[in-house]
Structure formats: structure tokens, C-alpha cells
Amino acid sequence: MQTRVLITGVTGFVASHLAEYCLGKGCQVVGTRRRRSPLTNIKAIIDNKQFRLVEAELEDSRSIYSAIRTNQPDLVFHLAAQSFVPTSFELPHYTLQTNILGTLALLEGLRQWSDSSSPKIHIACSSEEYGLVSSDECPIVETQALRPLSPYAVSKVACDLLGAQYARAYGMHIVRTRAFNHEGARRGVEFVTSNFARQAVMLAAGKISELKVGNLEAVRDFSHVKDIVHGYWLALEKGETGEVYNICGGKGVKILEIIDILSRILGRELPFSVDSQRLRPSDVPYLVGDCSKFRKQTGWEPKLTFEDAMRDLVIYWREELGLS
Ligand code: GDD
């Protein structure tokens, strides 16, 4: 029997890569999409006979319940979210509503339906939940205190805890992951890697004279998105019900280093200046994880490097902008 997969927010960056991964595994994939979300990220799979797109507003519990009942998934990957940290400072209400109530509606829909079936459910949480971490608390393990620094991070803490509570209270097979930053082609232009790669491609083509940047002192633990979606698959295949797992590479990269990497890839200097509009009310200074628990449980190993992800982004932006 073919495995039926439901992915929420399939037009998003990570979800589109996950959909491709699941199709590659021979699954039937149903992806939910909000009305009006652009289809660009899924253009390579939209005509695939094993792929189906359904419209569903996550906070509208009826539409998500109907998507669940009609498609009877074996595996559910919940990725739909407002995921850009700065937007969460501007639109905290929207962010909390979309992320928390969206997760709640999905879990409720699954709880009602799974009286008769028991799908495995993955909830994509985030390393941002850790927030303020001191150097002696790094690399971060799953038992680290959660000290979120943005409305987005608070929303992800709530989704994370809802997942744990539903697993405990109703015996649902829910596995949560806290992935650290992950990058690659199709990453939204608002995120640092994609934004810098786009500017660098434009600079190399003579369209701009310098890169505009924000806080270059922050440190993040970057992985390639393809390794992360493989991790999400393994989380459901081998992860324990009710557990939470970090997924990351375990190496800290200063944001400034992204400019050096791009400079190497493009073979040229990349002048830059700080744009104060790009600074956040509070930024997470240092996020580097330890994912020994996940590796031990699932055997996950990253196959690609952060530099591979940056190279993919350069190729992506050259194509998107029609520049070489
Ligand atoms: N976006 C952006 N743009 N960030 C910049 C810039 C810039 O011009 N300049 C410096 N930065 C810094 C940010 O201040 C932050 O410290 C870091 O680059 C990374 O920013 P983002 O790429 O926006 O990602 P994030 O770390 O805030 O959040 C991402 O990772 C989380 C996992 O840890 C997002 O993908 C979240 O949705 C995800 O949960």
C-alpha cells in the first residue's frame, strides 16, 4: 500500500522540499495551501499524479478536518506557519493566531479523526524557542530552558507544548523536532541567507554597489534544507512518540561569515553596510545545537554542507533574476 502523506503549508520553502522528498519515496502527497499563496515553490511537482493540492485555512478547523477525513493520511507533517521572526514583532497577534490556533485546529482535527485511525504526526518546532542561551549552556540540548525572545518563538513554544500535551493526553503518535536554521534554493528572500545571496548576485551583475545587512554578530547553526527534510522523515519513521528532538549540524557560523562564503562562491569582494531597519528589537545572539539524541535514535547524518546550501541559493537567484 502506498503511504499517504499530508503536508500543511506545502507552498512554503521547507514543505516544498519535503513534498519532493516524499514523492521520491513513492508516497502519495496531499499538501494544504492557503488561498492566494503563490505556487512558485511547487512548480516542479504540481503536475505530478501522486501530488494533490487542497485549499485549507488552518485556523478554520472545518477546512482542515475535511482535508484530513478526505485524504486519510498515514503521515502528517505540520509545517504551515508564519515563520519570519521580524514579522512576528510587527504582527504578534497574527503570528500567534496563525501558529498556535493553526496547530490546535490541526491537532483537534486529527484527534477526532484518529479515533478510528492513528497517523504519525510531526510538528515542526524551532530552535528559536531556546532564545536567550548563555555560552555555558551551549551546545544546546533538548532539556535546555526555553527563554523565547520573539513572538514567533513564543508561538513555537506553544505549538511544541501542545504537541507534547496531545501525545500524553490522547496517546496520539506525535513527534516534535526543533530544527536549527536550514537553507537552500527557494528560501524566502526575507531570510538572511537568501537575502544576502540575492543581493550578492545583483552586485556581481552590476545592479547594486553594496549589500545592505543587519546584525552580523549573531551566530547560527546552519544546515542544508535537504538534510532537514530527510530528518523530518526519520523523525516519524524512527522517532519515539511524545519525544522532542533537536536537528542541526552542531557548528556555529557568524552571520558575517555568510558574506565571506558568498564572496568565495562569486570570486569577488562584496562591500556591505549596516541598514538599521534590519536590526531587531531583540535578536537571539547565539544558537548552536547538539542533536546527539536525534542521531542516536534515528541514525541521521547530514550529507550536505552550509556552503552547498549557499551555492544552491546563488544558482536559484541567478535563475530567478535572469542574471549570470
Ligand atoms: N533576515 C535577515 N536579514 N537577518 C539578518 C540580516 C538581514 O539583512 N542581517 C543579519 N541578520 C541576522 C538576524 O538578525 C539573525 O540573527 C540571523 O541573521 C538569522 O536571521 P534569519 O535568517 O531571519 O533567521 P532566524 O534565525 O531569525 O530564524 C530562522 O531560523 C529559525 C530556526 O532557528 C527562521 O527560519 C525561523 O522560522 C526558524 O524557526
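For clarity, every value in this text was computed on a predicted model and none was experimentally measured.

### Thoughts on the overall build of the protein
Part 1 of the argument: For the protein, the count of helices and strands is 10 helices and 13 strands.
Part 2 of the argument: For the protein, the spread of C-alpha atoms along the principal axes amounts to about 60 × 50 × 40 Å.
Part 3 of the argument: In the protein, which comprises 324 residues, the proportion classed as buried is 53%.
Part 4 of the argument: When the accessible surface of the protein is totalled, it reaches about 14200 Å², and 50% of it is carbon and sulfur.
Part 5 of the argument: The positive charge centre, built from 38 side chains, and the negative charge centre, built from 37, are 4 Å apart in the protein.

### Overview of the site of the ligand
Part 1 of the argument: The ligand sits among 22 residues. The nearest are S83, S126, S127, Y152 and D283.
Part 2 of the argument: One of the side-chain nitrogen or oxygen atoms of R280 is found 2.6 Å away from an oxygen atom of the ligand.
Part 3 of the argument: Calculation on the ligand without its partners gives an accessible area of 720 Å², and the protein chains cover 96% of this total.
Part 4 of the argument: Taken together, the residues of the shell around the ligand break down into 9 nonpolar, 6 polar and 7 charged.
Part 5 of the argument: For the shell around the ligand, the two domains that each supply at least three residues are domain 1 (4–182 + 224–247) and domain 2 (187–220 + 252–321).

### A look at the pairing of strand β11 (residues 244–247)
Part 1 of the argument: The alternating pattern of β11 places V244 and N246 on one face and Y245 and I247 on the opposite face, and all of these are buried.
Part 2 of the argument: When strand β6 (residues 173–179) meets β11, the two strands line up parallel, connected through 4 bridges. Paired with R176 across the strands is V244, a residue of β11.

### A short note on the nonpolar core
It is characteristic of soluble globular proteins that their nonpolar side chains tend to be buried jointly.
Part 1 of the argument: Judged by nonpolar contacts, the single largest core of 43 residues is most densely connected at I7, C22, V29, F77 and Y232.
Part 2 of the argument: Secondary-structure elements contributing two or more residues to this core are β1 (4–8), α1 (13–24), β4 (75–78), β6, α7 (225–238) and β11.
Part 3 of the argument: Summarising the domain contributions, this core has at least three residues from each of domain 1 (4–182 + 224–247) and domain 2 (187–220 + 252–321).
Part 4 of the argument: Excluding residues that lie within four positions of it along the chain, C22 makes contacts with V5, C27, V29, F77 and W233.

### A look at unusual backbone geometry
Part 1 of the argument: The omega angle of the peptide bond from C138 to P139 is -10°, so this bond is cis rather than trans.
Part 2 of the argument: Its identity is not glycine, yet R36 carries a phi of approximately 80°, on the positive side.
Part 3 of the argument: Considering the arrangement of structural elements, one finds R36 in the loop between β2 (28–33) and β3 (51–55).
Part 4 of the argument: Although it is not a glycine, R186 sits at a positive phi angle of roughly 80°.
Part 5 of the argument: Tracing the chain through its elements places R186 in the loop between β7 (182–183) and α6 (192–204).

### Here we look at the pattern of salt bridges
Part 1 of the argument: Applying the stated criterion across every chain, the model contains 22 salt bridges.
Part 2 of the argument: The partner of E129 in a salt bridge is R178, and the shortest N-O contact between them spans 3.6 Å. Residue E129 is found in the loop between β5 (120–126) and α5 (151–170), and its partner R178 is found in strand β6; the two are separated by 49 residues along the sequence. Both residues of the pair, E129 and R178, count as buried.
Part 3 of the argument: The partner of E183 in a salt bridge is R187, and the shortest N-O contact between them spans 2.8 Å.

### A few points about the side chain of S63
Part 1 of the argument: Within the fold, S63 resides in helix α2 (residues 61–71).
Part 2 of the argument: The buried category is assigned to S63, whose relative accessible area is 18%.
Part 3 of the argument: Only 2.9 Å separates the side chain of S63 from the backbone oxygen of E57, close enough to count as a polar contact.
Part 4 of the argument: Excluding residues that lie within four positions of it along the chain, S63 makes contacts with A56 and E57.

### A few points about the packing of α2 against helix α4 (residues 92–113)
Relative orientation and spacing of two packed helices are given, respectively, by the angle between their axes and the distance between those axes.
Part 1 of the argument: Look at α2 against α4: their axes get within 9 Å of each other, and the N-to-C directions meet at 45°. Compared by their axis directions, α2 and α4 come out oblique. The handedness of the crossing between α2 and α4 is right-handed. Residues S61, I64, Y65, I68 and R69 of α2 form the contact with α4, whose own contacting residues are A105, L106, G109, L110, Q112 and W113.
Part 2 of the argument: Of the residues belonging to the contact of α2 with α4, the class tally is 7 nonpolar, 3 polar and 1 charged.

### A look at the pairing of β6
Within a regular beta strand, the side chains point alternately toward one face of the sheet and then the other, so they alternate between its two faces.
Part 1 of the argument: With respect to burial, β6 is a largely interior element, 7 of its 7 residues being buried.
Part 2 of the argument: Burial along β6 is two-sided: H173, V175, T177 and A179 and I174, R176 and R178, pointing in opposite directions, are all buried.
Part 3 of the argument: As paired strands, β5 and β6 are joined by 7 bridges and run parallel to one another. Counted as the bridge partner of S126 is A179 from β6.
Part 4 of the argument: You can see the chain leave β5, run along α5 and come back into β6, and the turn it takes is right-handed.

### A word on the packing of aromatic side chains
Part 1 of the argument: Tallied over the full model, the rule gives 8 aromatic pairs.
Part 2 of the argument: With a centroid separation of 5.1 Å and an interplanar angle of 70°, the aromatic rings of F84 and F191 are classed as edge-to-face. You can see F84 sitting in the loop between β4 and α3 (85–90) and its partner F191 sitting in the loop between β7 and α6, a full 107 residues away along the chain. We note that F84, like F191, is buried.

What counts and what doesn't
Residues numbered from 1 in each chain as written. Predicted model: local features only at pLDDT ≥ 70, side-chain atom pairs only at ≥ 80, totals over all residues. Heavy atoms only, no water. Helix = DSSP H or I, 4+ residues; strand = E, 2+ residues; numbered from the N terminus. Buried < 20%, exposed > 50% of the residue type's maximum accessible area, 1.4 Å probe, protein only. Areas by Shrake-Rupley, 256 points an atom, 1.4 Å probe, with all protein chains shown as cover. Lys, Arg positive; Asp, Glu negative; His and termini not counted. Charge placed at Lys NZ, Arg CZ, Asp CG, Glu CD. Near = heavy atom within 4 Å. Polar contact = N/O pair within 3.5 Å; in protein donor to acceptor, adjacent residues only side chain to side chain. Nonpolar A, V, L, I, M, F, W, Y, C, P; charged D, E, K, R; others polar. Domains from an automatic or database assignment. Pairing = 2+ DSSP bridges. Core = buried A, V, L, I, M, F, W, Y, C linked by side-chain atoms within 4.5 Å. Contact = heavy atoms within 4.5 Å. Salt bridge = Lys/Arg side-chain N within 4 Å of Asp/Glu carboxyl O. Axes fitted to C-alpha atoms, helices over the stretch in contact; angles between N-to-C directions. Parallel < 35°, antiparallel > 145°, perpendicular 65-115°, else oblique. Left-handed = near helix turned anticlockwise from the far one by under 90°. Right-handed = clockwise from strand over helix to strand, strands pointing away. Phe/Tyr/Trp six-rings, centres within 6.5 Å; stacked < 30°, edge-to-face > 60°.

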